[in-house]
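The lines below spell out each chain.
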Amino acid sequence: MTEQTPTPLGEARLPEPRIAPQIALTADHHLDIEGVTKNFGHQQVLKGINLSVGRGATTAIVGPSGSGKTTLLRLIAGFERPDTGRILMDGREVAGETWVPAHKRNIGYVAQDGALFPHLSVGQNVAFGLDRDRFRGRKAVTERVVDLLDMVALDGSYLKRRPHELSGGQQQRIALARAMACEPDVMLLDEPFSALDAGLRVATRRAIGKVLHDAQVTTILVTHDQAEALSFADQVAVMRGGKLAQIGNPFVVYTRPADRATAEFLGDAVILDAWLEGSLAMCSLGAVPVRRPPAQGRVQIMLRPEQIRIAEESRIHGTVLDWDYFGPESSVRIKLPERPADPRVPGGGEVITIRHWNAAMARAGMDLALKVIGEGVAFPAD
Ligand SMILES: Nc1ncnc2c1ncn2[C@@H]1O[C@H](COP(=O)(O)OP(=O)(O)OP(=O)(O)O)[C@@H](O)[C@H]1O
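Residues numbered from 1 in each chain as written. Predicted model: local features only at pLDDT ≥ 70, side-chain atom pairs only at ≥ 80, totals over all residues.

**Examining the overall build of the chain**
So, step 1. Each helix and strand in the chain was counted, giving 8 helices and 20 strands.
So, step 2. Viewed in the frame of its principal axes, the chain has a C-alpha envelope of about 80 × 50 × 35 Å.
So, step 3. Relative to its 382 residues, the chain shows a buried fraction of 37%. (Helix = DSSP H or I, 4+ residues; strand = E, 2+ residues; numbered from the N terminus. Buried ≥ 20, exposed ≤ 12 C-beta atoms within 10 Å, placed from the backbone.)

Okay, here's the thing in structure tokens:
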């Protein structure tokens, strides 16, 4: 990292907060949501959603509770009608002026709890979605159901079991097999992994992701889990207060969030007051390069904790306050030195959290040399 002495600048000129353009991943749109709004009574739940999803692509919708994620999914499925705007599948309007009911959209939906029919066996649950014109007779149905179970890494020995005789992860897989039985073009997954424990969650997510990817099913996943969204999807849409705050590939939304709220929602963020001059932000961690500066002068910069490393030597120092041990790494809280007030190097005395693999490196009171790796993201100052 280069460090440089700040020079005076005039008044900061701060533009409006950046909102990332609402982009489509591919030219081959499978699903287009255009200006969709939805009210429940006086409550405006969706406030003009625009989203395009490419054929066979996976989109994760993340956002705080109550931001409208499930409502958007239900509109796509055809369980609710938008108040304004329209939804197109393959360029054909399914909601708007025209209305195509849910059962004619060829969309699969897997809810949080799987919602299997408790009185039916696994085989009967999965067979429920089959096209009986194509699969006639017990033998053909059983063969197809076994194929579908195989797709979700379960075998024919599960056919006769009832849902209550299955683990949570197995129930989710059966729910997916039942949804896949309809051979949907689009699969909507509403927090389908949230009831599972950490290990099972990752395994089930991988298995389901592979099935959907292999079958080239266009998929939308609603999740509360940021890491899940980043690892599962080709495209992440961040929803806040009934609007999409940012849409982009996982790497972009994580490393270049459009605003502070999105940055903090998608993971731990170190946010510092800074003075931006050209593409260098002066702050308590020295001069940090910034990509595409949105403004000059007074800003806030955001770094991910993993960008702040412990160095052998550096002009930047901090004192360890405490740490949390998580096994593979520790989260270390560090107080940066107090400094005399200087408008061109704002801040001083901030407490930041970094991560380090070696817990022995961090003891309360220890002085650490610090360096910043990579670029920061600048947001207009509050
Ligand atoms: N059928 C309905 N009638 C009235 N209000 C509703 C209805 N469905 C949803 N809402 C309201 O719309 C808002 C958004 O709900 P929604 O379930 O879409 O949010 P969400 O982002 O999926 O939340 P969570 O992450 O908690 O599931 C909430 O305030 C909810 O109470």
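**Comments concerning the environment of Asn 50**
So, step 1. Mapped onto the elements, Asn 50 comes out in strand 2 (residues 43-54).
So, step 2. Sequence separation between Asn 50 and Ser 330 is 280 residues, and the spatial gap between their C-alpha atoms is 40 Å.

**Quick notes on unusual backbone geometry**
So, step 1. Even without being glycine, Gln 216 reaches a positive phi, approximately 55°.
So, step 2. Here Gln 216 lies in the loop between helix 5 (198-214) and strand 8 (218-223).
So, step 3. For Gln 216, a count of 11 C-beta atoms within 10 Å gives the class exposed.
So, step 4. Even without a glycine there, the phi angle at Arg 292 is positive, about 40°.
So, step 5. Topologically, Arg 292 is positioned in the loop between strand 13 (286-289) and strand 14 (297-303).
So, step 6. Residue classification places Arg 292 among the exposed residues on the basis of 10 C-beta atoms within 10 Å.

**Section: the site of the ligand**
So, step 1. With respect to spatial proximity, the complete set of residues near the ligand consists of Phe 40, Val 45, Gly 63, Ser 65, Gly 66, Ser 67, Gly 68, Lys 69, Thr 70, Thr 71 and His 224.
So, step 2. When residues of the shell around the ligand are assigned to their parent elements, the largest contribution, 3 residues, is made by helix 1 (residues 69-77).
So, step 3. Among the residues making up the shell around the ligand, the classes are represented as 2 nonpolar, 8 polar and 1 charged. (Near = placed C-beta within 6 Å. Nonpolar A, V, L, I, M, F, W, Y, C, P; charged D, E, K, R; others polar.)

**Details of the sheet that holds strand 11 (residues 270-277)**
So, step 1. Taken together, the 5 strands give an open sheet; going across it, the order is 13-12-11-14-20, and neighbouring strands pair in antiparallel fashion. Single-partner strands in this sheet number two, and they are strand 13 and strand 20 (377-380). Here the average twist between neighbouring strands, direction ignored, is 45°.
So, step 2. Looking at chain direction, strand 12 (residues 280-283) and strand 13 are connected through 4 bridges and run antiparallel. Bridge pairing in strand 13 links Ala 281 to Val 288. (Pairing = 2+ DSSP bridges. Axes fitted to C-alpha atoms, helices over the stretch in contact; angles between N-to-C directions.)

**Some thoughts on the sheet that holds strand 3 (residues 58-62)**
So, step 1. The 6 strands lie next to each other as 6-7-8-3-9-10, forming an open sheet whose pairing is mixed. Each edge of the open sheet is held by one strand with a lone partner, namely strand 6 (107-110) and strand 10 (243-248). Neighbour to neighbour, the strand axes of the sheet diverge by 15° on average, direction disregarded.
So, step 2. Bridge count between strand 9 (residues 235-240) and strand 10: 5 bridges; the pairing is antiparallel.

**Looking at the domain arrangement of the chain**
So, step 1. Partitioning the chain into domains gives domain 1 (29-255) and domain 2 (268-380).
So, step 2. Each of domain 1 and domain 2 has a C-alpha centre, and these two points are 40 Å apart. (Domains from an automatic or database assignment.)

**Here we look at the nonpolar core**
Note on soluble globular proteins: their nonpolar side chains tend to be buried together.
So, step 1. Residues Ala 177, Ala 274, Ala 281 and Ile 301 are the most contacted members of the largest nonpolar core, which totals 99 residues.
So, step 2. The contact partners of Ile 301, leaving out residues within four places of it in the chain, are Leu 272, Ala 274, Ala 281, Cys 283, Val 288, Val 290, Gly 376, Val 377 and Ala 378. (Core = buried A, V, L, I, M, F, W, Y, C linked by C-beta atoms within 7 Å. Contact = placed C-beta atoms within 7 Å.)

**Regarding the pairing of strand 17 (residues 330-335)**
So, step 1. In terms of strand pairing, strand 16 (residues 316-325) meets strand 17 through 6 bridges, oriented antiparallel. From the neighbouring strand, Thr 319 faces strand 17, where its bridge partner is Lys 335.
So, step 2. Here strand 16 hands over to strand 17 after 4 residues, with Gly 327 in that stretch at a positive phi of 90°.
So, step 3. Sheet analysis places strand 17 next to strand 18 (residues 351-356), joined by 6 bridges and oriented antiparallel. Its bridge partner being in strand 18, Ile 334 is matched across the sheet by Ile 352.

**Concerning the packing of helix 3 (residues 138-151) against helix 4 (residues 168-181)**
So, step 1. Remark: helix 3 packs on helix 4, axes separated minimally by 9 Å, with the N-to-C direction vectors making an angle of 125°. Comparing their axes, helix 4 and helix 3 come out oblique. The handedness of the crossing between helix 3 and helix 4 comes out as right-handed. In contact with Leu 148, Leu 149 and Met 151 of helix 3, helix 4 contributes Ala 177, Met 180 and Ala 181.
So, step 2. Residue composition of the contact of helix 3 with helix 4, grouped by class: 6 nonpolar, no polar and no charged. (Parallel < 35°, antiparallel > 145°, perpendicular 65-115°, else oblique. Left-handed = near helix turned anticlockwise from the far one by under 90°.)

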